[in-house]
Amino acid sequence: MTKSTLTQANGTPVVDNDNSLTAGPSGPILLQDTWLLEKLAHFDRERIPERVVHAKGSAAFGTFTVTHDISALTKANLFSEVGKETDVLLRFSTVAGEKGAADAERDVRGFALKFYTDEGNWDLVGNNTPVFFIRDPLKFPDFIHTQKRNPITNLRSATAAWDFWSRHPESLHQVTILFSDRGIPTDYRHVNGYGSHTYSFINSNNERSWVKFHFKTQQGHKHYTDEEAVNVVGKSRESSQVDLFMNIEEGNFPRWDVKVQIMTEQQAQEVSFHPFDLTKVWPHGEFPLIDVGVLELNRNPENYFAEVEQAAFSPANIVSGIGFSPDRMLQGRLFSYGDTQRYRLGVNHGQLPVNKPKSPVHTTHRDGSMRGDDNGGKEPNYAPNHYNAYVPTHEQEPALALEKAALHYDFREYDEDYYTQPGNLYRIMDAEQQQRFIQNLIASLSEVDCEQIKRNQIYHFYQADKSLGKALAEGLGVSIG
Ligand code: HEM
């Protein structure tokens, strides 16, 4: 590090950084000690709001490399040729805990990717699970309230969590994953990532197919039991952070195989399940995984606040060749992320170095708090204009046929099968996995202070698998009639 002179924010050198300016050796501090005032004032404003969910996280930079040609499926430039490399940022997280929460908690892990492509940033903001608890965004704030601290006790509440889950049987699939061995990964290198939603690919003939993204860890899966996790947390609240940072520091770069599942528009009309239902997986037998590339993390951030805390991932950030789908949850998320980031980081957060695309940005957005670039310089601030600045491409996606009549449609009218996929998941666990799963559920459900909630939830597990429901009823001492 080169020697440098300490300065105030205006660049003027600081005379003394140990002793405030006082009236005599034992007198009070003078208001004209501008360095002291500036230093305290800046410190007073160091914290920004933490993310409302996924507050605790760890991130690293790396590279995505194409290994297989999928250019027939998508015109997205990052997939244009085998061998093409794209810089990425991947932030892992837990969901419910605050920024200081322990890493080795039973929780879903966030898997948020930013691809700095030649044609803009593509953010794939996924999890380590292929499904989610709910399938309508209207329910997200209520769901998260049941995961966070109870406003009266200021404690997390198992009663609230199971009250919500038991009233939303569509959550059973994700709950089954959460209480299985995969619920407490040892660290972030040993998890898969999933885009989870159905997205679309658009190819150069302007044809659409539906796509799901998978990231399979090359490190394999590793988990803690509840007991092991208690010991880990007792020793370190930062177990995943240490693991990721140190492995990358030592050159042991984690990798994931990137794969996609593809469904044609025609198939989407014919499949037996709702193709845009986030609580369901697409069976791999019918929709096999197709190899695409490899993701490697190989560089630690140099400054966590600048490059991780200020990172803003949004499902709304897509690039040409990748599109959305009618998945209700995805539609809700398209609004929520940019909105929270305008609050958390400010309206110009896209200009922060970690969020800035490497391709040119030409918008008519102007002004706003903390505008850090040339604010559009001499360019016109409106479009269309006489100068041919800001010309849209007019390259539309193929038309998407939609139903016409608007209504608050109840998803249950389309799909009431909450139980087949979680039941199958339970039945492919070996006997020891099943035993641990049951014990994890019993431990959590025992904390519920309402018999009816326990009974409601056991009913759902019973519907998924009779022997599972019976084991839970017995373990919890609850009669299910
Ligand atoms: C973070 C909302 C569902 C994955 C966030 C944040 C909000 C949010 C407001 C904080 C973002 C920030 O401060 O930068 C929602 C809403 C959802 C939803 C309204 C449903 C309607 C999901 C789903 C997934 C997911 C289904 C995964 C498939 C994540 C991840 C982060 C996150 C990984 C952390 C991003 C980061 O590392 O900065 N979500 N979320 N969320 N969400 Fe969601």
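Parameters and conventions
Residues numbered from 1 in each chain as written. Predicted model: local features only at pLDDT ≥ 70, side-chain atom pairs only at ≥ 80, totals over all residues. Near = placed C-beta within 6 Å. Helix = DSSP H or I, 4+ residues; strand = E, 2+ residues; numbered from the N terminus. Core = buried A, V, L, I, M, F, W, Y, C linked by C-beta atoms within 7 Å. Buried ≥ 20, exposed ≤ 12 C-beta atoms within 10 Å, placed from the backbone. Contact = placed C-beta atoms within 7 Å. Axes fitted to C-alpha atoms, helices over the stretch in contact; angles between N-to-C directions. Nonpolar A, V, L, I, M, F, W, Y, C, P; charged D, E, K, R; others polar. UniProt positions renumbered as here; feature names shortened; annotations may be inferred. Expected span 1.5 Å × (residues − 1). Domains from an automatic or database assignment. pLDDT = per-residue confidence, 0-100.

Asks: Honestly, the site of the ligand in this entry has me stumped. Any pointers?
Replies: As a structural note, the neighbourhood of the ligand is formed by 27 residues, with Arg51, His54, Gly110, Pro137 and Ser196 the closest of them. Elements that contribute at least two residues to the shell around the ligand include exactly strand 2 (85–94), strand 3 (109–117), strand 4 (120–127) and helix 9 (328–344). For the shell around the ligand, the element with the most residues is helix 9, which contributes eight residues.

Asks: Can you help me understand the nonpolar core in this one?
Replies: Note that soluble globular proteins tend to have their nonpolar side chains buried in a common cluster. With 44 residues, the main nonpolar core has Val88, Leu90, Leu113 and Phe115 as its most contacted residues. With five residues, strand 3 is the largest single contributor of residues to this core. Filtering out sequence-adjacent residues up to four positions away, Leu90 remains in contact with Ala59, Ala60, Gly62, Leu113 and Leu297. Core analysis: the second largest hydrophobic core is formed by 24 residues, Val108, Ile438, Phe461 and Leu468 among them.

Asks: Any chance you could explain unusual backbone geometry here in plain terms?
Replies: A negative phi holds for most residues other than glycine; trans holds for most peptide bonds. The peptide bond linking Ala383 to Pro384 adopts the cis configuration, its omega dihedral lying at 0 degrees. Here Pro384 is to be found in the loop between helix 9 and helix 10 (420–428).

Asks: Just to check I follow, could you spell out the packing of helix 2 (residues 140–147) against helix 3 (residues 158–167) for this structure?
Replies: If you want to describe how two helices pack, look at the angle between their axes and the distance between the axes. At their nearest, the axes of helix 2 and helix 3 sit 7 Å apart, and the two run at 145 degrees to each other. Contacts from Asp142, Phe143, Thr146 and Gln147 of helix 2 reach helix 3 at Ala160, Ala161, Asp163 and Phe164. Across the contact of helix 2 with helix 3, the residue classes tally to four nonpolar, two polar and two charged.

Asks: Which parts of the structure should I look at to understand the UniProt feature "binding site: heme" (unreviewed entry) in the chain?
Replies: Annotation from UniProt places "binding site: heme" (unreviewed entry) at Tyr337. Relative to the helices and strands, Tyr337 resides in helix 9. The class for Tyr337 is partly exposed, based on 18 C-beta atoms found within 10 Å.

Asks: I'm lost on helix 9 in this one. Help?
Replies: It helps to recall that an α-helix has 3.6 residues per turn; residues three or four apart then point in one direction. Given a rise of 1.5 Å per residue, 17 residues ought to cover 24 Å, and the 24 Å separating the end C-alpha atoms of helix 9 matches this to within 8%. Buried within helix 9 we find Arg328, Met329, Leu330 and Gln341.

Asks: Help me understand the domain arrangement of the chain in this model?
Replies: How large an interface is tends to be reported as the accessible area lost when its parts come together. Looking at the assigned domains, one finds that the chain contains domain 1 (57–135 + 186–351) and domain 2 (418–476). Distance between the C-alpha centres of domain 1 and domain 2: 29 Å. Counting residues at the interface gives four residues for domain 1 and four residues for domain 2. Taken together, the residues of the side of domain 1 that touches domain 2 sort by class into one nonpolar, one polar and two charged.

Asks: Explanation requested: the UniProt feature "domain: Catalase core" (unreviewed entry) in the chain in the structure shown.
Replies: Cross-referencing UniProt, the feature "domain: Catalase core" (unreviewed entry) maps to residues 7–391 in the present numbering. End C-alpha atoms of residues 7–391 are separated by 44 Å, and the span's content is 22% helix alongside 19% strand.

Asks: Quick question: what am I supposed to make of the environment of Pro326 here?
Replies: Checked against the element boundaries, Pro326 lands in the loop between strand 10 (322–323) and helix 9. Taking the C-alpha atoms as reference points, Pro326 and Leu402, 76 residues apart in sequence, are found 9.0 Å from one another.

Asks: Help me understand helix 3 in this model?
Replies: All of the buried residues along helix 3 are Ala161, Trp162, Phe164, Trp165 and Ser166. Looking at the buried side of helix 3, the elements it contacts are helix 2, helix 4 (172–178), helix 11 (431–445) and helix 12 (451–464).

Asks: Can you walk me through the confidence of the model for the chain in this structure?
Replies: Low pLDDT marks stretches whose predicted atomic positions should not be read closely. On average, the chain scores 97 in pLDDT, and the residues at 70 or more come to 100%. Strand 3 holds the highest mean pLDDT among the elements of the chain, 99, whereas helix 7 (residues 265–270) holds the lowest, 96. Here the predicted complex scores 0.97 on pTM and 0.99 on ipTM.

Asks: How should I be thinking about the environment of Glu50 in this particular structure?
Replies: Mapped onto the elements of the fold, Glu50 is located in the loop between helix 1 (34–44) and strand 1 (57–66). The class for Glu50 is partly exposed, based on 15 C-beta atoms found within 10 Å. In this structure, the C-alpha to C-alpha distance between Glu50 and Glu309, residues 259 residues apart in sequence, is 8.1 Å. In this structure Glu50 touches Ala55, Glu98 and Lys99, once residues within four positions along its chain are discounted.

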